[in-house]
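Here is how the chains run, residue by residue.
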Amino acid sequence: MTRSGLTLINMSGAIGMIMIDQTVIGIAIPALQRSFDFGPLALQWVVNGYTLALAASLICAGWAGDRFGHYRSFAAGVALFTGSSLLCALAPIGEIFILARIGQGVGAALMQPTATAIVFGTFPPDERGKAMSIYVGSGLLFLAAGPLLGGILVERFSWHMVFLVNVPIGCATLLAALRLGREAPKGTEKPFDFIGATLLVCGIFFLTSAIQSLGDGGAASLLSLALAAIGLGCLIALPFRKPGHGTPIIDFGNFRNKIYLGCGIVLFCIQFAMLGQVVFGAVFIQNVLAFSPFQTGLAMMPVVLAIILMAQVSGYLFDKVSFRLLAVSGTLAISLGFFSQALVLELGHILWMIPGMLLIGLGLGLLASTVTTEGLSQVPMTQRATASAILQTLRQTGGVFGIACIGSVINLIEKARVEEIARQLEPVADKRRDLQLLLFQSEQSQAKATAQLKEHWPEALADLKQITAKAIAAGYYLGAAVVFLAAVISLWAFAKTKKDAAEESSS
């Protein structure tokens, strides 16, 4: 096999680790709740500790790839991700587990933009669409294996094994990278913008914390406003400051290109909704439909299989049709998929959810590789690691805000409905407080609380499932609205691409 083919396989292994990690975490969440007694806010940090670290580190990682070499940064990321996965599996307490998840996010940040840049630079322009399709599609095979593998490991062994699977894959990927590595010319010698990086990290962190704390209501709302003000201030300052030396952490000049800007917005909106599907969809299937972890993995397969199928077609379509058509069609399919699922969640049957899952998977498969490929085609080769990092930062930031916003909506609705049900079922104030506490604990998959509810307030358990279904449905409606916004923006941003212009001139 040629070196380019082996490189493609190696980079696919790297993206595969990230895909497995993003998929299996949803399957493992109920088990993590029971193991560490995670509440709603801590549960959001299980996901957002990873995605926040990933989003905040991607730009820094893109600069490191251009400055020190793509393969060096890639190898460092694989080593960190693999080591952090091992720490996740061995974590004795929840705080260490969340810290290890942050380590995974930083490692993934070092891997992702450099892997994309390596694949993009390895193949000539007329083969890039196909190569990127294979790269993303191969990674999606791991995504497909993730729910089933996670379900088997959690059900037959424990959630610890979910993270241990990354270790052999990571070791093999690292060894192959060290053997195959052939560095391209470095793209920058300019110093790193530490102040800009600090503003970016603080802005994302404080704004995310504000959104998540908003879900607790009450006095937390004042804290949310303060955190939001700090976060927004940091992010607003970014485009207006001028570093004394070197390149700013984000080159906002790239966003003058309408197509590149549109690709970033589409990635943001899609990931906003999708992490809600991965996390809260798995919680719904296990906690409301009472599926086992393995059954949950099977139930989520329609999304993954549709992604894999359409990802292979998308590479061909990208070279043949207008990107505007692909972007609008894909985002509308995803939006409709979330909307249709939200409509049927309260019916409490998995079969009603399958059409929405298929629509989401088809839309994601259509856009999985094409959006990034179109965005990177707008920048010079020496800037592609950084440009890829910016796109992936927007994508992962969308996921961070998605988990925070959807989680807060779900938390607010559940809290209000639990208080209402407690008032209806228990007129005595002291017993009402006990009932509320048991309802919240049962929502967090605490078996002892569920057993007490069965004994003293059995009717509350059925109400609790309806509360969860309605709350998650509200989160899905929010996801559908955000992705529909991406479809509208696609009509504006991709009015005419380079490919369209070339087709017009040749005709």
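Located above this text is the structure these notes cover.
Before going into details, it helps to say that this report is about the structure given with it. (Residues numbered from 1 in each chain as written. Predicted model: local features only at pLDDT ≥ 70, side-chain atom pairs only at ≥ 80, totals over all residues. Heavy atoms only, no water.)

### Thoughts on the overall build of the protein
- On a plain count of helices and strands, the protein comes out with 20 helices and zero strands.
- A burial count over the protein gives 59% of its 507 residues as buried.
- Excluding contacts between residues fewer than 6 apart, the proportion of contacts in the protein whose partners are at least 24 apart in sequence is 83%. (Helix = DSSP H or I, 4+ residues; strand = E, 2+ residues; numbered from the N terminus. Buried < 20%, exposed > 50% of the residue type's maximum accessible area, 1.4 Å probe, protein only. Contact = heavy atoms within 4.5 Å.)

### A look at the environment of Ile410
- Considering the arrangement of structural elements, one finds Ile410 in helix α16 (residues 384-425).
- A relative accessible area of 5% places Ile410 in the buried class.
- Between the alpha carbons of Ile410 and Ala471 there is a distance of 4.7 Å; along the sequence they are 61 residues apart.

### Regarding empty space enclosed by the protein
- Under the definition given, this model contains two cavities of 30 Å³ or more.
- Approximately 50 Å³ is the volume found for the second largest cavity.
- Considering the residues around the second largest cavity, the lining is formed by Asp21, Gln22, Ile25, Val47, Tyr50, Thr51, Arg101 and Leu275.
- In the lining of the second largest cavity, the residues fall into four nonpolar, two polar and two charged. (1 Å grid on protein atoms, 1.4 Å probe; cavity = no way out; pocket = protein on both sides within 12 Å on 5 of 7 lines; lining within 4 Å. Points joined across faces, edges and corners; volume = space filled by probe spheres on them. Nonpolar A, V, L, I, M, F, W, Y, C, P; charged D, E, K, R; others polar.)

### A word on the nonpolar core
- By size, the foremost hydrophobic cluster in this structure holds 133 residues, and its most contacted members are Leu32, Phe74, Phe97, Trp159 and Phe284.
- Here this core takes 19 residues from helix α10 (residues 258-288), the largest share from any one element.
- With residues near it in sequence (within four places) discarded, Phe74 still touches Asn10, Met11, Ala14, Leu110, Met111, Thr114, Ala115, Ile118, Thr173 and Ala177. (Core = buried A, V, L, I, M, F, W, Y, C linked by side-chain atoms within 4.5 Å.)

### A short note on the layout of surface pockets
- Of the pockets and cavities examined, the second largest pocket occupies roughly 590 Å³.
- The wall of the second largest pocket is formed by 24 residues, among which Leu235, Phe268, Leu394, Thr397 and Phe401 lie closest to the centre.
- Those elements that place two or more of their residues in the lining of the second largest pocket are α8 (194-214), α9 (220-237), α10, α16 and α19 (458-493).
- Counting residues per element, the lining of the second largest pocket draws most heavily on α10, which supplies six residues.
- The residue inventory of the lining of the second largest pocket, partitioned by class, reads 21 nonpolar, three polar and no charged.

### Considerations on the packing of α10 against helix α14 (residues 350-367)
- One can describe the packing of α10 onto α14 by two numbers: an axis separation of 12 Å at closest approach and a directional angle of 150°. One way to sum up the angle between α10 and α14 is to call them roughly antiparallel. The element α10 and its partner α14 pack so that their crossing is left-handed. Contact with α10, carried on its side by Val266, Ile270, Met274, Gln277, Phe284 and Ile285, involves Ile350, Met353, Met357, Ile360, Leu364 and Leu367 of α14 and no other residues of that element.
- Here the contact of α10 with α14 is built from residues that sort into eleven nonpolar, one polar and no charged. (Axes fitted to C-alpha atoms, helices over the stretch in contact; angles between N-to-C directions. Parallel < 35°, antiparallel > 145°, perpendicular 65-115°, else oblique. Left-handed = near helix turned anticlockwise from the far one by under 90°.)

### Details of the packing of aromatic side chains
- Scanning all chains against the criterion turns up ten aromatic pairs.
- Seen in terms of ring centroids, Phe268 and Phe401 are 6.2 Å apart; in terms of plane orientation they differ by 65°. Their pairing is edge-to-face. Of this pair, Phe268 sits in helix α10 while Phe401 is found in helix α16, placing the two residues 133 residues apart along the sequence.
- Owing to a relative accessible area of 12%, Phe401 belongs among the buried residues under this scheme.
- Clustering of aromatic rings is evident, with ring pairs tying together Phe36, Phe97, Trp159 and Phe163. (Phe/Tyr/Trp six-rings, centres within 6.5 Å; stacked < 30°, edge-to-face > 60°.)

### Looking at the side chain of Ser84
- Counting through the fold element by element, Ser84 comes out in helix α3 (residues 70-90).
- Given a relative accessible area of 8%, Ser84 falls into the buried group.
- Ser84 has contacts with Ala100, Gly103 and Gln104, leaving out every residue within four places of it along the chain.

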